[in-house]
Amino acid sequence: MNLNHSKRVAAFRAVDEYVQNNTVIGVGSGSTVVYAVQRLAERVKTEGLKLVCIPTSFQARQLIIENGLVLGDLEQHPRIHCAIDGADEVDADMVLIKGGGGCLLQEKIVASCADQLVVVADYTKDSTKLGEQYKKGIPVEVVPMAYVPIRNRIAAKYGGKLNLRMAVSKAGPVVTDNGNFILDWHFPEGDHDWDAVNREIMMIPGVVETGLFVKMATKAYFGLADGTVTERSA
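Figured I'd write up the structure that's included with this text. None of the values given here were measured: they were computed from a predicted structure. (Residues numbered from 1 in each chain as written. Predicted model: local features only at pLDDT ≥ 70, side-chain atom pairs only at ≥ 80, totals over all residues. Heavy atoms only, no water.)

## As for the overall build of the chain
Then comes step 1: The secondary structure content of the chain amounts to 6 helices and 13 strands.
Then comes step 2: Overall, the chain is about 55 × 40 × 35 Å in size when its C-alpha atoms are taken along their principal axes.
Then comes step 3: Residue burial in the chain is summarised as follows: out of 234 residues, 51% are buried.
Then comes step 4: At a minimum sequence separation of 6, the contacts of the chain that also span at least 24 residues come to 74%. (Helix = DSSP H or I, 4+ residues; strand = E, 2+ residues; numbered from the N terminus. Buried < 20%, exposed > 50% of the residue type's maximum accessible area, 1.4 Å probe, protein only. Contact = heavy atoms within 4.5 Å.)

Next comes the structure, spelled out in structure tokens:
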């Protein structure tokens, strides 16, 4: 079974177990969420569910529209019953790295408004420690004018290396939906208090958000190569 099948079984399980009628659903970003939206659309059609979907990115918004789901926003629906999102990596303590697709700020805003954050992923995202499988670093979204001092301060305090994420088929850096840059922090190996690290980085002027999601996820579903699904709870 290929990775797409693994993503599909995880996404379908999450939607079937967590999505209820007459609720507001946060729709995350990434390749696994594509299957979650497909399952949402199937259940709306076959069961007549009434749902409002809040997107975390331009991609998520387009998925909601293309699948005929009801598009909402946080102005009208500031409380979300359940957010379903992917992750770049999940450790044994349910700490997530997110933001490989550059949508970390909006993803964290939506997750923070949700009663439950449910992660859907394939088995390659399941790790004991962060950095075990995901090698692209922790994204840090920053105000463009401050990326150099922020890069230097994080490296001086915690070690590792921070790279300005560069765009593909465009000259220059990636610019997020919010007009910011992204630094990818390749942190040193070892044990880290991610809660403390996240709070301290967020205090640096010019840091907009980090891709560390600490104490936010309720449950994670990992699709395995044999078509089964494993679960991890907070």
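## Focus on the state of the cysteines
Then comes step 1: Inspection of every chain in the model, using the stated rule, returns 0 disulfides.
Then comes step 2: Left without a disulfide partner, cysteine 53 is nearest to the cysteine sulfur of cysteine 82, which lies 11 Å away.
Then comes step 3: Using a relative accessible area of 0% as the deciding quantity, one classes cysteine 53 as buried.
Then comes step 4: Taking the relative accessible area as the measure of exposure, cysteine 82 reaches 0% and is therefore buried. (Disulfide = S-S within 2.5 Å.)

## Describing the packing of helix H5 (residues 147–158) against helix H6 (residues 194–202)
Then comes step 1: Remark: H5 packs on H6, axes separated minimally by 11 Å, with the N-to-C direction vectors making an angle of 145 degrees. Relative to H6, the crossing made by H5 is right-handed. Contacts from Ile154, Lys157 and Tyr158 of H5 reach H6 at Val197, Glu200 and Ile201.
Then comes step 2: For the contact of H5 with H6, the class distribution of residues is 4 nonpolar, no polar and 2 charged. (Axes fitted to C-alpha atoms, helices over the stretch in contact; angles between N-to-C directions. Left-handed = near helix turned anticlockwise from the far one by under 90°. Nonpolar A, V, L, I, M, F, W, Y, C, P; charged D, E, K, R; others polar.)

## Considering the pattern of salt bridges
Then comes step 1: Overall, the coordinates contain 16 salt bridges when judged by the stated rule.
Then comes step 2: For the salt bridge of aspartate 191 with lysine 129, the shortest nitrogen-to-oxygen distance reads 2.6 Å. One end of the pair, aspartate 191, is in the loop between strand S9 (181–186) and H6; the other, lysine 129, is in the loop between strand S6 (114–122) and strand S7 (138–142), and 62 residues separate them in sequence.
Then comes step 3: Salt bridges linked by common partners bring Arg13, Lys219 and Glu231 together as one network. (Salt bridge = Lys/Arg side-chain N within 4 Å of Asp/Glu carboxyl O.)

## A look at the sheet that holds strand S8 (residues 161–164)
Then comes step 1: Pairing within the open sheet is antiparallel, and its 4 strands lie in the order S8-S9-S7-S10. Because the sheet does not close on itself, it has two edges, and the strands there are S8 and strand S10 (207–210). Averaged over neighbouring strand pairs, the angle between their axes works out to 30 degrees when direction is ignored.
Then comes step 2: The sheet contact formed by S7 and S9 spans 5 bridges and is antiparallel. For proline 139, the partnering residue across the bridge sits in S9 and is aspartate 184.
Then comes step 3: Against the sheet, helix H4 (residues 104–112) engages S7, S9 and S10, with an angle of about 65 degrees to S10. (Pairing = 2+ DSSP bridges.)

## Quick notes on the nonpolar core
Then comes step 1: By size, the foremost hydrophobic cluster in this structure holds 28 residues, and its most contacted members are Val19, Val27, Leu40, Leu69, Ile84, Val118 and Tyr221.
Then comes step 2: Broken down by secondary-structure element, the contributors of at least two residues to this core are helix H1 (3–18), strand S1 (23–27), helix H2 (31–47), strand S2 (51–55), helix H3 (58–66), strand S3 (80–85) and S6.
Then comes step 3: Discounting chain neighbours no more than four positions away, the residues touching isoleucine 84 are Val15, Val19, Gly26, Val27, Gly28, Val33, Ala36, Val118 and Val120.
Then comes step 4: Grouped together as the second largest cluster of nonpolar side chains are 23 residues, Val140, Ile154, Phe187 and Ile204 included. (Core = buried A, V, L, I, M, F, W, Y, C linked by side-chain atoms within 4.5 Å.)

## Some details on the packing of aromatic side chains
Then comes step 1: Applying the stated criterion across every chain yields a total of 6 aromatic pairs.
Then comes step 2: Taking the centre distance of 5.9 Å and the plane angle of 65 degrees together, the rings of tyrosine 147 and phenylalanine 181 count as edge-to-face. Of this pair, tyrosine 147 sits in helix H5 while phenylalanine 181 sits in strand S9, placing them 34 residues apart in sequence.
Then comes step 3: A ring pair is formed by tryptophan 185 and tryptophan 194, whose centres lie 6.3 Å apart and whose planes are at 80 degrees; its orientation type is edge-to-face.
Then comes step 4: Residue classification places tryptophan 194 among the buried residues on the basis of a relative accessible area of 8%.
Then comes step 5: Chaining the aromatic ring pairs together yields one cluster made of Tyr158, Trp185, Phe187 and Trp194.
Then comes step 6: The ring of phenylalanine 213 carries the charged tip of lysine 98 above its face, separated from the ring centre by 5.6 Å. (Phe/Tyr/Trp six-rings, centres within 6.5 Å; stacked < 30°, edge-to-face > 60°. Lys NZ or Arg CZ within 6 Å of the ring centre and 35° of its normal.)

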